[in-house]
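A structural walkthrough
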Amino acid sequence: MLRYIVRRVLESVPTLLLIVTLAFALLHTAPGGPFSADKPLLPEIRHNIEARYHLDEPLWRQYLRYMGDLAHGDLGPSFQYRNTSVNQIIATGFPVDVSVGLSAIALALLVGIPIGLNAAWRRNTLWDRVPMALAVAGISLPVFVIAPLLVLVFAVKLHWLPAGGWIAGSPSHLLLPVLALALPYIAYVARIVRGSALEVLSSGYIRTARAKGLSTARILLRHTLRPSLAPVVSFLGPTTAGVITISIVVETVFGLPGIGRFFVTGALNRDYTLVLGITILYGALIILFNLLADLCYAWIDPRVRLE
Amino acid sequence: MPGSTPEYVLNSALWQRLRCHRGAMIAAGVLLLLALSSLIVPALSPYDYYTPQLDLISQPPTLRGGHLLGTDPLGRDLLIRVLWGCRISLLIGLAASCISIVVGVLWGAIAGYAGGTTDALMMRMVDVLYSVPFVPFVIVLTVLFGRELWLMFVAIGAVSWLDIARIVRGEALSLKRREFIEAARVSGVRAARMIRRHIVPNLLGVVIIYATLTIPTVILFEAFMSFLGLGVRVPLASLGSLIADGASDMQAHPHLLLVPATVLATIVYCFNFIGDGLRDALDPHDRHDRHEQA
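What you are looking at is a predicted structure, and each value in this text was computed from that prediction instead of being measured. (Residues numbered from 1 in each chain as written. Chains lettered and ligands numbered in written order. Predicted model: local features only at pLDDT ≥ 70, side-chain atom pairs only at ≥ 80, totals over all residues.)

**Details of the overall build of chain A**
For clarity, the cut-off: The helix count covers DSSP runs of H or I at least four residues long, the strand count covers runs of E at least two residues long, and both are numbered beginning at the N terminus. Every C-beta atom is placed from the backbone, and the number of other C-beta atoms within 10 Å of a residue's own sets its class: buried at 20 or more, exposed at 12 or fewer, partly exposed in between. Note that contacts rest on C-beta atoms placed from the backbone: two residues are in contact if these are within 7 Å.
Looking only at helices and strands, chain A features 12 helices and zero strands. Helices and strands appear in chain A in the N-to-C order α-α-α-α-α-α-α-α-α-α-α-α. Across its three principal axes, chain A shows a C-alpha extent of roughly 85 × 55 × 30 Å. The buried share among the 307 residues of chain A stands at 37%. Across chain A, every contact between residues at least 6 apart in sequence was considered, and the portion connecting residues at least 24 apart equals 74%.

Written out as structure tokens, the structure is:
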């Protein structure tokens, strides 16, 4: 188990290196630079600034310098926010994204799994048809449609919840963003659980469980739930990382101080270090959550061997 | 799709079963109607999507006066702008899906048919690319290299072929062991021709299903980019940019948000519905959900 984790972590190093290199090359081959023509500066000033950020050095030296700093966990200074390091920006913004993203995933699981199980158990009844038709609607409604609509209804019309802003630890500020983010994932989870539970319910040991007179609740919770979760877990791996990236939209609509908006403005202003830093973070997240998903998978289905 | 015979996918049995799926047929009709009207109505209408009429700003929907769905804060006809947005969204959806399907099918078919080291290497690359955070990459691409429409096609197409490659490879692996492929190989058909003439055509069923499910994903992604202000350039509109504009003005004029949001949801809903219908028609037992790669 431990050996498996260590090996996976080691394997992810070249992948991360590739991501960094790709992003670095992309940023530096693009036309325009952080301090170039659209903001007129005196040549001496510009030269000084570029020297300070080592932009006057040849590209390979900049690359090696960046990689060297990265090995020490230093993502460098931000170009657009003077006297602020990328580490600081991430340290202040990322917790917001994590709390919104993980709450949304938790909500999606808590609501989606029961709906899916129930739909599979009562296949082809209204309990199946109505939630599943709604689920197709749920995956068709993107976050950036749901989020403004939720604001319109719950903040503008009903005045129940604040329309945006962020106060750390305030549940009323968390509720709408989490709901907006979670709704499509509730739909996905419900559909996946329904599909896999249907398969499980048609297997022999469920027939045995029914034949020996177990209650519905016991059949569903003790015998159906766990094997039905396997595809959910493999769905959650890439998705959880994706939720944290997709929260850019939620940040924009609700005015949350997460890192997604820093990323977009950073890309627009050619803030190389900020964009690189956040890209690395996202890449690491994807790798981390895929590893977690594989570990969970082995826990759910003991036949799976980690090797 | 285990258990289904690929050859019969494109024949009339499938078509008949799809026709019985009433929801899918209605969805196809709605899409066709939207596509046609997005092509025809702007050509016939007296209004265009870019000329501001400052004496008619933010009109509500009305049956009198010609602006059926009202106007936006610059006095431009909302109906025409939404239809233009439809046109852009459908165009990007189709074009980017074509790119991702061509790349994904070729990649998967070659890997699956070649097998061995080639297969291992090609699929290892797919695994690595799965770890690349694509949303940031596309954002960086479009920001740095200008917001050109064709660049959107390429960027979105280039990032969405991974799933197709995996699925097609699996199918190609199982196809390879079929008798007619062996017969072709014995009679001396070369690898390139084999992939083109025998492997790819037999994969079309799976690919068509997957295509109908890729198109909505791509449309949503384009709308997402436009919502962030990184999509089409003003004054051109896409559904995403219209939703973003509407969201900023929704307190006073909710119709500016509701109309494009409804149209976008309808398009995506219809594609998803057709995809589900095709999947049921192909193999009623197998209802695995596709996985979303964000």
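So that's the structure; there's more coming.
**Regarding unusual backbone geometry**
Positive phi, normally seen in glycine, also occurs at A:N124, with a value near 65°. Mapped onto the elements, A:N124 comes out in the loop between helix 4 (86-121) and helix 5 (126-140).

**Considering the interface of chain A and chain B**
It is common to report an interface's size as the accessible area lost on association of the parts. Test applied: Following the grouping adopted for this structure description, the nonpolar residues are Ala, Val, Leu, Ile, Met, Phe, Trp, Tyr, Cys and Pro, the charged ones are Asp, Glu, Lys and Arg, and the polar ones are all others, Gly among them.
The partner chain B presents 36 residues to the 43 residues of chain A that form the contact. Contributions of two or more residues to the side of chain A that touches chain B are made by helix 1 (2-29), helix 5, helix 6 (143-157), helix 7 (171-201), helix 10 (230-254), helix 11 (259-268) and helix 12 (272-300) of chain A. If you tally residues by element for the side of chain A that touches chain B, the top one is helix 10 of chain A, at 10 residues. Taken together, the residues that form the side of chain A that touches chain B break down as 33 nonpolar, nine polar and one charged.

**With respect to the packing of helix 3 (residues 78-114) of chain B against helix 9 (residues 191-227) of chain B**
Residue and element names in this part refer to chain B. What counts is decided by this rule: Each axis is a line fitted through C-alpha atoms, and for a helix only the stretch in contact is used; angles between axes span 0 to 180 degrees, taken between their N-to-C directions. Working rule for handedness: look at the near helix, and if it is turned counterclockwise from the far one by less than a right angle, call the crossing left-handed; if clockwise, right-handed.
Interaxial distance between helix 3 and helix 9 falls to 7 Å at its minimum, and their mutual angle equals 140°. In this structure, helix 3 meets helix 9 at a crossing whose hand is right-handed. Taken together, the residues that form the contact of helix 3 with helix 9 break down as 19 nonpolar, five polar and one charged.

**Details of helix 2 (residues 43-52) of chain A**
Of all 10 residues in helix 2 of chain A, zero are buried, a share of ten percent or less. Positive phi appears at A:H54, one or two residues downstream of helix 2 of chain A, with a value of about 60°.

**Let's talk about the environment of A:R3**
Position of A:R3 relative to the elements: it lies in helix 1. Linking A:R3 and A:G138, residues 135 residues apart in sequence, is a C-alpha distance of 41 Å.

**Things to note about the confidence of the model for chain B**
Residues and elements named next belong to chain B. The line we're drawing: pLDDT is a residue-level measure of predictor confidence that goes from 0 to 100.
Mean pLDDT over chain B works out to 78, with 88% of the residues at or above the 70 mark. When mean pLDDT is compared element by element in chain B, helix 3 scores highest at 88, while helix 1 (residues 12-20) scores lowest at 69. Scored below 50 in pLDDT, residues 1-9 shows 16 contacts in the model against residues more than four places distant or in partner chains. Both scores are available for the predicted complex, with the pTM at 0.79 and the ipTM at 0.75.

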